[in-house]
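A closer look at the structure
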Protein chains: 2
Amino acid sequence: MAGSDNRRKRSGGRAGAATRRGSAAIEQSPWRLPINVDRPTEPLDEDGIAAIHDGAMRILEEIGIAFLNPEAIEILRKSGGCEIDGEIVRMGRDFVMEKVALAPSQFDITPRNPNHKITVGGKHLLFGNVSSPPNYWDMALGKKVPGTREMCQNLLKLTQYFNCIHFSGGYPVEPVDVHASVRHLDVLFDKLTITDKVMHAYSLGKERVEDVMEMVRIAGGLSHEEFDAKPRMYTNINSTSPLKHDYPMIDGWMRLARRGQALVVTPFTLAGAMAPVTMSGAVAQSLAEALCAVVLAQVINPGCPCVIGTFTSNVDMKSGAPAFGTPEYMRATQMTGQMARFYDLPMRSSGVCAANVPDGQAMWETSNSLWAAVQSGTHMVYHAAGWLEGGLIASPEKFIMDCEVLQQIQRYMEPATFATTPDDIALDAIKSVGNDGHFFGIQHTQDRYTTAFYQPFLSDWKNYEGWEVAGGIWTPERAHNLFLQILEEFEEPPMDIAIREELSEFVARRKKEGGAPTDY
Amino acid sequence: MAGSDNRRKRSGGRAGAATRRGSAAIEQSPWRLPINVDRPTEPLDEDGIAAIHDGAMRILEEIGIAFLNPEAIEILRKSGGCEIDGEIVRMGRDFVMEKVALAPSQFDITPRNPNHKITVGGKHLLFGNVSSPPNYWDMALGKKVPGTREMCQNLLKLTQYFNCIHFSGGYPVEPVDVHASVRHLDVLFDKLTITDKVMHAYSLGKERVEDVMEMVRIAGGLSHEEFDAKPRMYTNINSTSPLKHDYPMIDGWMRLARRGQALVVTPFTLAGAMAPVTMSGAVAQSLAEALCAVVLAQVINPGCPCVIGTFTSNVDMKSGAPAFGTPEYMRATQMTGQMARFYDLPMRSSGVCAANVPDGQAMWETSNSLWAAVQSGTHMVYHAAGWLEGGLIASPEKFIMDCEVLQQIQRYMEPATFATTPDDIALDAIKSVGNDGHFFGIQHTQDRYTTAFYQPFLSDWKNYEGWEVAGGIWTPERAHNLFLQILEEFEEPPMDIAIREELSEFVARRKKEGGAPTDY
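Residues numbered from 1 in each chain as written. Chains lettered and ligands numbered in written order. Predicted model: local features only at pLDDT ≥ 70, side-chain atom pairs only at ≥ 80, totals over all residues. Heavy atoms only, no water.

1. Looking at the overall build of chain A
In terms of regular secondary structure, chain A is built from 19 helices and 19 strands. Against the 2.2 N^0.38 benchmark of 24 Å for 520 residues, chain A shows a C-alpha radius of gyration of 24 Å, consistent with a compact globule. Principal axes of the C-alpha set define a box for chain A whose edges measure 80 × 60 × 45 Å. Split into buried and exposed, the 520 residues of chain A put 66% on the buried side. A separation of at least 24 residues holds for 76% of the contacts in chain A among residues at least 6 apart in sequence. By element, 50% of the accessible surface of chain A is carried by carbon and sulfur atoms, the whole surface being about 16,900 Å². (Helix = DSSP H or I, 4+ residues; strand = E, 2+ residues; numbered from the N terminus. Rg over C-alpha atoms; globule rule 2.2 N^0.38 Å. Buried < 20%, exposed > 50% of the residue type's maximum accessible area, 1.4 Å probe, protein only. Contact = heavy atoms within 4.5 Å. Areas by Shrake-Rupley, 256 points an atom, 1.4 Å probe, with all protein chains shown as cover.)

2. Brief notes about unusual backbone geometry
Of the consecutive residues serine 241 of chain A and proline 242 of chain A, the connecting peptide bond is found in the cis state with omega at 5°. Here proline 242 of chain A is to be found in the loop between β10 (233–237) and β11 (244–245). Phi is positive for leucine 243 of chain B, close to 60°, though the residue is something other than glycine. The topology assignment puts leucine 243 of chain B in the loop between β10 (233–237) and β11 (244–245). Leucine 243 of chain B gets classed as buried once you look at its relative accessible area, which sits at 0%. With phi around 55°, histidine 383 of chain B is a residue other than glycine that occupies positive phi space. Relative to the helices and strands, histidine 383 of chain B is located in strand β17 (residues 380–385).

3. Quick look at the side chain of glutamine 261 of chain A
All names here are of chain A. With respect to the helices, strands and loops of the structure, glutamine 261 is situated in the loop between α9 (247–258) and β12 (262–265). A polar contact is formed between the side chain of glutamine 261 and the backbone oxygen of phenylalanine 227, at a distance of 3.1 Å. Not counting the four nearest positions on each side in its chain, glutamine 261 is found in contact with Met213, Phe227, Asp228, Lys230, Pro231, Arg232, Met233, Leu256 and Pro305. (Polar contact = N/O pair within 3.5 Å; in protein donor to acceptor, adjacent residues only side chain to side chain.)

4. Remarks on the pattern of salt bridges
Under the counting rule described, the total for this entry stands at 66 salt bridges over all chains. One salt bridge in this structure joins lysine 431 of chain B and glutamate 62 of chain A, with 2.6 Å as the shortest N-O distance. Of this pair, lysine 431 of chain B sits in helix α15 (residues 427–433) while glutamate 62 of chain A is found in helix α2 (residues 46–63), placing the two residues in two different chains. The class of glutamate 62 of chain A is partly exposed, set by a relative accessible area of 32%. We note a salt bridge from aspartate 211 of chain A to arginine 510 of chain A, for which the minimum N-O separation is 2.7 Å. With aspartate 211 of chain A in helix α7 (residues 206–219) and arginine 510 of chain A in helix α19 (residues 497–512), this pair connects stretches of sequence that are 299 residues apart. Residues participating in the shared-partner salt-bridge network are Arg32, Arg411 and Glu414 of chain A together with Glu328 of chain B. (Salt bridge = Lys/Arg side-chain N within 4 Å of Asp/Glu carboxyl O.)

5. Some thoughts on the pairing of strand β3 (residues 88–91) of chain A
All names here are of chain A. The side-chain alternation of β3 yields two buried faces, one formed by Ile88 and Arg90 and the other by Val89 and Met91. Strand direction decides the pairing type here: strand β2 (residues 82–85) and β3, joined by 4 bridges, are antiparallel. Considered in β3, the bridge of aspartate 85 is made with isoleucine 88. Counted along the chain from β2 to the antiparallel partner β3, the turn is 2 residues long, and its residue glycine 86 has a positive phi close to 65°. (Pairing = 2+ DSSP bridges.)

6. Digging into the sheet that holds strand β8 (residues 144–146) of chain A
All names here are of chain A. Pairing in this open sheet of 4 strands is mixed, and the strands run β8-β7-β19-β18 from one edge to the other. Unpaired on one side and paired on the other, β8 and β18 (387–388) mark the two borders of the sheet. By the bridge criterion, 3 bridges tie strand β7 (residues 135–137) to β8 in an arrangement that is antiparallel. Note that in β8 the partner of tyrosine 136 across the bridge is valine 145.

7. Brief notes about helix α5 (residues 149–161) of chain A
The terminal C-alpha atoms of α5 of chain A, which comprises 13 residues, lie 18 Å apart, in line with the 18 Å expected from a rise of 1.5 Å per residue. Burial in α5 of chain A covers these residues: Met151, Cys152, Asn154, Leu155, Leu156, Lys157, Leu158, Thr159, Gln160 and Tyr161 of chain A. (Expected span 1.5 Å × (residues − 1).)

8. Considering the domain arrangement of chain A
Its domain assignment divides chain A into domain 1 (17–40 + 101–415 + 500–512) and domain 2 (419–446). For domain 1 of chain A versus domain 2 of chain A, the separation of C-alpha centres amounts to 44 Å. (Domains from an automatic or database assignment.)

9. What to know about the sheet that holds β3 of chain A
All names here are of chain A. In spatial order, the strands read β2-β3-β1-β11; together these 4 strands make up an open sheet with mixed pairing. Each of the sheet's edge strands pairs with one partner strand only, and the pair in question is β2 and β11. Looking at chain direction, strand β1 (residues 65–67) and β3 are connected through 2 bridges and run antiparallel. Bridged to isoleucine 65 within β3 is valine 89. Strands in contact with α2 are β1 and β3; relative to β3, the strand with the most contacts, it is inclined by about 125°. Each of β1, β2 and β3 is contacted by helix α3 (residues 70–79), which is oriented at about 135° to β2, the strand it contacts most. (Axes fitted to C-alpha atoms, helices over the stretch in contact; angles between N-to-C directions.)

10. A look at the interface of chain A and chain B
The interface is formed by 120 residues belonging to chain A together with 120 residues belonging to chain B. When the two sides are added together, the surface that chain A and chain B hide from each other amounts to roughly 9,900 Å², 62% of it contributed by carbon and sulfur. Together, Trp364, Phe453 and Trp461 of chain A form the three largest contributors to the area buried by chain A at its contact with chain B, with a combined 9%. The interface formed by chain A and chain B contains 12 salt bridges. Seen at the junction of chain A and chain B, the total is 56 residue pairs in polar contact (both at pLDDT 80 or more). Top element by residues in the side of chain A that touches chain B is helix α12 (residues 360–376) of chain A. It accounts for 9 residues. (Buried area = accessible area lost by both parts, 1.4 Å probe.)

Structure below.
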């Protein structure tokens, strides 16, 4: 992230990067790929795993999944393992397991900045920003408003700024002030210039998917062959639960599969609405919907990287509204984790809440969902920062509050927190202090105190009186102030001027051609 | 909790209990003793457990613990297993392990209402209210003020009201408007009349401990023999870290040990201040300080119930202020859980935060500490509701917010959330809905929807617009409104009039005698 001659110069005669670093808004944890060292929490015993597997397989065998994409139907028909009945595809468990076994259990995705390469699978735990809320809320506005390109850009700056955010999700807020036909062009230009982390493409029609792949290729300075050689980006599709895959999502899925890019499939199986009211039934249905998409990808391009996602939660049975971060949500996530390990596939879950503002409820619901991600062995945590109102609102304050929690989870995973070498047990230090005195001044403490403990950037650890003297500022207001400081000091990551121009020209040409149809 | 002729009638010609129940402030989960069904999170391997055990044993063998209580010194001298050097007691690991093995791994405590009996140990997970803050904060005051008896009474009403609170801790706020010499008499009268849950005694001088034991005996309608026959209450003592037990705490410890009451010892080993800056060293020191108190209790009364507590956290190395709910705190709690199982002793931890007000920070820190309690296999969770500012403030809003989280943890532990019977997998339901439609109306949903999911009392699951129409109220304000409603509808649990009078007379007599000395 150090300066580069190719970096676009910002207007206004600002001081250089060194000066700005000196007044950095926060001291944050370094970029790293955290390793989830905890044994997962596993509510299911072997019989439970077998029961959910059998349920998922019987859904695929006996009920089948509707594929509203004729090309997918044809590919599955030719695969020889499916029974096709109009749009309904049924597949036997042997065929499913044979194809699913072709998907790798771990793979890398390399963005334009190779230092921000991520590894999906194994024990890795990765976080992405909030994706796709149509609305925005911040403390200054104090109300919910439709998203704009500027709001989207600001949230992308947070996505780049925070080292605990490993990949870029969908649009962090939908910029409804940009026409839908060209929105993907403008936002991808913003994403690729404001961030240098792993990119996502919406699977909403061939133009959008192809444009994004082309822009990611250009931004990486890659030939088509280099782009195809390994995962450079990913898409995430949702099934139309119950038991249906629509046309454009599967179209994008197949396009990325052909080019060996990464694929995430996340059924949105709200128990009691689009899935059974019982959590293990909702999980079984979610798995069936996800696994048949993985099968399709493996038929098209054996070995291409696939991730199964979970979005299984429950509704409020009084109102039908979705609820998130609930006890049932946590168990569904943990159960899905066990099943992902059973199928040996990487897994995605989310950092979610139903709260409308960044208050206590937002944080206990989000904490519940993030700890469930940790406990389930999730590899990609979507929406890990910035989500409110069940995904209908993006908030910069919530983004920054969530990053404080994410940094703590990263620190929690460092083996130093539970090391037991003789230096850690510290018998000599304990002896030297004895039965009177304290450990503040001794050498054992002096040698370690700067790195011994997690240092928060947003939590206020002052006592009440100190906090009051400093303005008595509650958490969301502190986050809002940091948001303004981060925007002030933000610098775009370096990009070669020629590449930037090629990107601009691509956007201009595709806009001239009309962008993408909006009848999806 | 049903009406009783003996119940004290409230003034003001209120409607009866039935009417009040009809307009209950909240629909809460029923009283129950949750079973922690999760496998604990265990950061230590066998070598790590051995290293911490060896550290704790070498502290006891080579450094020793100062006991500032001559009676305890004499008892330990006569035990034959200790080396006494003035106030310093050293004990060999064989002696320690032999005595610790006498303590039960599980026991019951029976309060005056036997329906509120608790089981400590095994897989049980119990929650207690915040204890001992000198100050109080609520949304109406909007500031930190010294605690009063009325504030204490109101927090005791919450302690009784919420079924997810299983035992009463120390004073939920210190009522500094009551003179210290008689404070224990007035507050115990309040505790024993406002609540009927398991009682706690501070070990602060013989008068306080003996008075509380006597009042618990009277409130239970028990003979001295019946009181002594099984645990009716408990105390919690803290060591004066590093490596010291003071006079009054150990005095109370011994008094309860003699009468077979329950004993909790919780060293306050802040890493970097009163303990090594390294977490496993702080845990080893905490265990040494706790285990030697358990040894003393087992020498006095073999088999009496003992619990080891952990309060190991880290300080903010910038200011020296204690921090809570940190990543290091979580790991220390989990490590202590592994060691408690190694010693086969029940364990206590806490629900804690450093935040000064009930905001987002308060809830992520509290969530971290509560999930660490769950992950560690903690049996008694102190301060599980109402704690702010590192324990210096009690808040009714925080109390109510925490109870929402506690209820969710209880629901999370219900096996229904991850059951996998054929009815749960629900293949027939999935078949009946097929590839179109939804699950709202089907019989499988109708049969289950009222109990399928956790129903919150404080979380607001309305969408933003619905929430705005309802006043746009943030979580702490909603909690404050509930607080006022609960106070309005609160009814004291029934108590026999004769017992109540005996308690009053005891308080009056002991006040006349001067209460307790205040030079402790």
